[in-house]
Amino acid sequence: MKFIHLTDTHVIGGDRLLYGANPARRLARAVDSINAEHGDAAFVMLTGDMTHWGDPEAYAAFRAQITRLTMPVHLMVGNHDDTAAFATHFPDVPRDDNGFVQYAFDTPHGCAICLDTKQPGTHAGGYCAARREWLAAELARATGPVLLFMHHPPFPVGIKSMDEIMLQDAGAFHEVIAPHRSRIRHLFFGHLHRAVFGNWCGISFSCMRGLNHQVAFDLTPDRTDIPGNLEAPAYGVALVNEETVAVHLHDFTDDSPRFSLQALERMDPVL
């Protein structure tokens, strides 16, 4: 099974620039790339921050591009999203009984569980008791393998300003998933605007770059602001089978020369 991991598109309306780049146009380029290069993907998962300010104009611009994808798309909210405005433009996205934008669906290689970590009034993530109760029930229902998706990471990654706005209920969240840890094959998230890979309490994880702007790589422990830059956008290509979850980061705007390494070796044996 192949699927695409998109995150942090941060679209704004009016074909305007954000931090010197155009998020709607970058999303359009990503959609074009996915359709052309990965039309065989089972689905696209977008792990939050579809828009930057959560306004209706931005969701309209986002919808105009994301609906051009030729495969199913699963949307999730992040801290920059507005749940009510999102529901107006995407009324068919599932919610739980408490109105949170979280849901699960079955795939050939496990149950995909999508979490709502938005906490109103802050950019930090939250996962309250009602959401944890829903997740516990979904994990109990899914007796086989699980692929977990969320916006905020539930652990620090060493970038101080982002660690301060990670999931704030991380301990309580871990208590819910810990009994099922051996079945959780991979955790996918966004929010960090960086490619980050690793293992948390026995669970492998990956995060992708955003499509418009990135958080600069800065591990300075006393830095108080969020450092940003305009590194190339990227999306993830996940390949899943019974034994392996492989996640590739695709720099879809890269136009550097491509060539055959074997052909060059034949021309120059020193290579």
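Just so we're clear, the structure is a prediction, and the values are computed from it rather than from any experiment. (Residues numbered from 1 in each chain as written. Predicted model: local features only at pLDDT ≥ 70, side-chain atom pairs only at ≥ 80, totals over all residues. Heavy atoms only, no water.)

Regarding the nonpolar core
Generally speaking, soluble globular proteins have nonpolar side chains that are buried together.
Turning to step 1, where the next piece is worked out: Leu6, Phe62, Ile66, Leu75, Phe86 and Phe149 are the most contacted members of the largest nonpolar core, which has 41 residues in total.
Turning to step 2, where the next piece is worked out: Counting residues per element, this core draws most heavily on helix 1 (residues 23-37), which supplies five residues.
Turning to step 3, where the next piece is worked out: Among all residues touching Phe86, those that are not within four sequence positions of it are Met50, Tyr59, Leu75, Val77, Val93 and Val101.
Turning to step 4, where the next piece is worked out: Listed in part, the 30 residues of the second largest apolar core include Cys111, Ala124, Phe155 and Ile177. (Core = buried A, V, L, I, M, F, W, Y, C linked by side-chain atoms within 4.5 Å. Buried < 20%, exposed > 50% of the residue type's maximum accessible area, 1.4 Å probe, protein only. Helix = DSSP H or I, 4+ residues; strand = E, 2+ residues; numbered from the N terminus. Contact = heavy atoms within 4.5 Å.)

A look at the side chain of Asn79
Turning to step 1, where the next piece is worked out: Residue position: Asn79 is located in the loop between strand 3 (73-76) and helix 3 (83-89).
Turning to step 2, where the next piece is worked out: Of note is the side chain of Asn79, whose polar atom sits 2.8 Å from the side chain of His123.
Turning to step 3, where the next piece is worked out: Leave out the neighbours within four places in its chain, and Asn79 touches Asp49, Lys118, Thr122, His123, His151, His152 and His191. (Polar contact = N/O pair within 3.5 Å; in protein donor to acceptor, adjacent residues only side chain to side chain.)

Focus on helix 2 (residues 56-66)
Turning to step 1, where the next piece is worked out: Of all the residues in helix 2, the buried ones are Ala58, Tyr59, Phe62, Gln65 and Ile66. Seen end-on, helix 2 carries its buried residues on one side only, within an arc spanning 125 degrees.
Turning to step 2, where the next piece is worked out: The elements touched by buried residues of helix 2 are strand 1 (2-6), helix 1, strand 2 (43-47), strand 3 and helix 3. (Arc of directions from axis to C-beta.)

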